[in-house]
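Read off the chains here:
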Amino acid sequence: MKKKLLLFIFLLFGYPSFSQTDSLIKQLALAKNNSQKINILTDLGMIYTHDGKFEKAIESFKKAVVLVKKQGTPAVEASLYNEIGNAEADMGNNSPAFNAYQKALKIIPDTALSLKAKIYKNIGAVFLSWKNLNRALYYYQRSLSFAKLAHDHKTVADCYNNMGTV
């Protein structure tokens, strides 16, 4: 009975991501333009992140960055750097995560308030992991101000939670 239950759980939770990645990899080979490739690489990166395959996620996001730079869409590029930073942070690589977040901040458009809030919140988390509480609090407060302007209630809540942790 246990073997059947384990097989069922694997098929329910494990198999879909395998089929999704296989499908996306096939779609990537058939993609006709950079926009399609960027979307597929981003989706792949998100699936890899969800599955805990952070190195593969970073690889996918970096490939997407190369294509995005050709299109000149800084908000998408900033979002990809944010995802790279998240994957690095999830692996405990805080310096590369911080560098990715800094790259995102350098190119993010002023109008991308919610994304800017998320990036500042993530930088705050890096400083928290480094036990630099004053800098963590500073970045959480910056994040909070942008999240409020964007009416991004989830990030507002995350900031208050993280500030309480500090």
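Residues numbered from 1 in each chain as written. Predicted model: local features only at pLDDT ≥ 70, side-chain atom pairs only at ≥ 80, totals over all residues. Heavy atoms only, no water.

(A) Broad picture of the packing of helix α4 (residues 74-90) against helix α6 (residues 113-129). Following both chains from N to C, one finds α4 and α6 inclined at 25°, their axes separated by 11 Å at the closest point. When the axes of α4 and α6 are compared, the pair comes out roughly parallel. Crossing angle aside, the handedness with which α4 passes α6 is left-handed. Here α4 contributes A75, A78, S79, N82 and N86 to the contact with α6, which in turn contributes L115, K118, I119 and N122. Looking at the contact of α4 with α6 residue by residue, the classes come out as four nonpolar, four polar and one charged. (Axes fitted to C-alpha atoms, helices over the stretch in contact; angles between N-to-C directions. Helix = DSSP H or I, 4+ residues; strand = E, 2+ residues; numbered from the N terminus. Parallel < 35°, antiparallel > 145°, perpendicular 65-115°, else oblique. Left-handed = near helix turned anticlockwise from the far one by under 90°. Contact = heavy atoms within 4.5 Å. Nonpolar A, V, L, I, M, F, W, Y, C, P; charged D, E, K, R; others polar.)

(B) Structural context of the environment of V66. Along the chain, V66 falls in helix α3 (residues 54-71). Residues V66 and I38, 28 residues apart in the sequence, show an inter-C-alpha distance of 9.2 Å.

(C) Here's a closer look at the confidence of the model for the protein. Summary statistics for the protein give a mean pLDDT of 89 and a share of 89% for residues scoring 70 or more. With pLDDT under 50 throughout, residues 1-12 is counted as low confidence; its partners more than four residues away or in other chains account for four contacts. (pLDDT = per-residue confidence, 0-100.)

(D) Spotlight on the nonpolar core. Residues I84, I119 and I123 are the most contacted members of the largest nonpolar core, which totals 45 residues. Those elements that place two or more of their residues in this core are α2 (34-50), α3, α4, α5 (94-107), α6, α7 (133-150) and α8 (153-165). When residues in this core are grouped by element, the largest group, eight residues, is from α3. When near neighbours in sequence (up to four residues on either side) are disregarded, I84 contacts I58, F61, K62, V65 and A100. (Core = buried A, V, L, I, M, F, W, Y, C linked by side-chain atoms within 4.5 Å. Buried < 20%, exposed > 50% of the residue type's maximum accessible area, 1.4 Å probe, protein only.)

(E) Structural context of α8. An ideal rise of 1.5 Å per residue puts 18 Å on 13 residues; α8 measures up with 18 Å between its terminal C-alpha atoms. Those residues of α8 that sit buried are T155, V156, C159, N162 and M163. Axial view of α8: buried residues confined to an arc of 130°, hence all on one face. Exposed residues pointing more than 90 degrees away from the buried face of α8 are listed as H153, K154, N161, G164 and T165. Buried positions along α8 lie against α6 and α7. (Expected span 1.5 Å × (residues − 1). Arc of directions from axis to C-beta.)

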